[in-house]
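# Reading the structure
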Amino acid sequence: MREYLLTLCITAAVTYLLTGPVRKFAIVAGAMPEIRARDVHREPTPRLGGIAMFFGLCAGLLVADHLANLSTVFENSNEPRALLSGAALIWLIGVLDDKFEIDALIKLGGQMIAAGVMVMQGLTILWLPIPGVGSVALTQWQGTLLTVALVVITINAVNFVDGLDGLAAGMVCIASAAFFLYAYRVWVSYGIEAAAPATLFSAILMGMCLGFLPHNMHPARIFMGDSGSMLIGLVLAAGAISITGQVDPDALKLFAGSEKAAVHQTVPVYIPLLLPLTIIAIPAADLVLAIVRRTWRGQSPFAADRGHLHHRLLEIGHSHSRAVLIMYFWSALIAFGALAYSVNSASMWIVLGIVFLSAIGLALLLLPRFTPRTPRWAQAFVPPRYRRPAAVSEPAAATPQAPGGEDEAEPRTPVAAGAARVNGATALGARSRFLDRRNAGSSR
């Protein structure tokens, strides 16, 4: 665990430290497009944040290769090199798109090529765990097509949800955290070495997102762009493919009692046919709704609009930060709820807890005007917008009530009292000058 934490911290540190220089480079390079109709931000913001995230990925893999326990992942598997090859290709396509706005079909072709490069180097789905049946072996063509489809779906799901400051990075970080816990449990508790690459990928992905988030939280100083959103989507898909299609349920049945029981242990986190899409259920649902909505209108499925889930949260009255936190909540509920259910699917308390938290989430959706307040003891740890307003000091004595007035005199602040004194002096001076002129006229 210590080596994973070290890899995570170094990845996060490299990503964080490089994001500032990358922001300056993006401004100089002109990767700062004008505001579009579908955009939420008010000012042009530089992109290309994926450059820092990619170098964070490279740093994490380099450090892991020199650690005693994690170096065995590189010796016994070609998956880290396959991930790096596919990530470099998809990153280059994203950088070009952030600068020159390339066509959507070209990006789709690049995503398929990147997935194919990983398949050629061994990162592919070999079998499917199906409840009640067991593990079903796939032919080479079936595994290739399913792997490419899963990579493309995951990349576009993450890319579609990247519409608010800090949303995509935070949701992928939550998903990778749940993924890491599951993969680490399969490797360490069950001793299945095939889960080691997925565990490493998840730790590095968390570091990439955590290092970039401080620069990307609202108001964002830089966007990750397609170079970042497609990159983290590919890394998430690579980890899912590694553990879902490489870990044999026959190895789990030694602990579960039978192969079918082992498959049932795997299913709560990886739905049989959709595989790890439960981890990114919110982005995947947003992707499906976007395709249906645009096709119904006669538009291209890749045509951008303002109909995504985060846009709808803003339309019903939620603030930018609250919309992001609500999306975080639902992502964490689905990801960690599935993880808890996979650990102990017989516990009714887990199901009841998920139902209770779902009710809380629905209440938050229906209360867009509710303003959360942080307790006073925790105000030093939250942004200023979540702190309680400071009490306004009242003057020692209230202003006397005007003769004949019905309402009580309102207390005045020092600024208001000073303004009242100035206004009173002005009025007295004007009256004095009027009396002087009248007396002068009567004397003449």
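To keep things clear, this report deals only with the structure shown in the data block.

### Observations concerning the pattern of salt bridges
Inspection of every chain in the model, using the stated rule, returns 3 salt bridges. Taken together, the shared-partner salt bridges connect Asp-97, Lys-107 and Asp-226 into one network.

### Description of the side chain of Thr-124
Relative to the assigned elements, Thr-124 resides in the loop between helix 5 (104-120) and strand 1 (127-130). With a relative accessible area of 12%, Thr-124 lands in the buried category. Looking at Thr-124, its side chain comes within polar contact range of the side chain of Thr-147, at 3.2 Å.

### Here we look at the environment of Ala-88
Secondary-structure assignment places Ala-88 in helix 4 (residues 79-100). With relative accessibility at 25%, the residue Ala-88 sits in the partly exposed group. For the pair formed by Ala-88 and Ala-114, sequence separation is 26 residues and the distance between their alpha carbons is 8.5 Å.

### Considering the environment of Phe-55
Looking at the element boundaries, Phe-55 is found in helix 2 (residues 50-65). Residues Phe-55 and Leu-18, spaced 37 residues apart in sequence, show a C-alpha to C-alpha distance of 8.3 Å.

### Comments concerning helix 4
Over its 22 residues, helix 4 extends 31 Å from the first C-alpha to the last, a length consistent with the 32 Å expected when each residue adds 1.5 Å. Glu-79, Pro-80, Ala-82, Leu-83, Gly-86, Ala-87, Ile-90, Trp-91, Ile-93, Gly-94, Asp-97 and Asp-98 are the residues of helix 4 that are buried. Backbone geometry just downstream of helix 4 places Glu-101 in the positive-phi region, at approximately 60°.

Cut-offs applied
Residues numbered from 1 in each chain as written. Predicted model: local features only at pLDDT ≥ 70, side-chain atom pairs only at ≥ 80, totals over all residues. Heavy atoms only, no water. Salt bridge = Lys/Arg side-chain N within 4 Å of Asp/Glu carboxyl O. Helix = DSSP H or I, 4+ residues; strand = E, 2+ residues; numbered from the N terminus. Buried < 20%, exposed > 50% of the residue type's maximum accessible area, 1.4 Å probe, protein only. Polar contact = N/O pair within 3.5 Å; in protein donor to acceptor, adjacent residues only side chain to side chain. Expected span 1.5 Å × (residues − 1).

These figures capture arrangement, not role.
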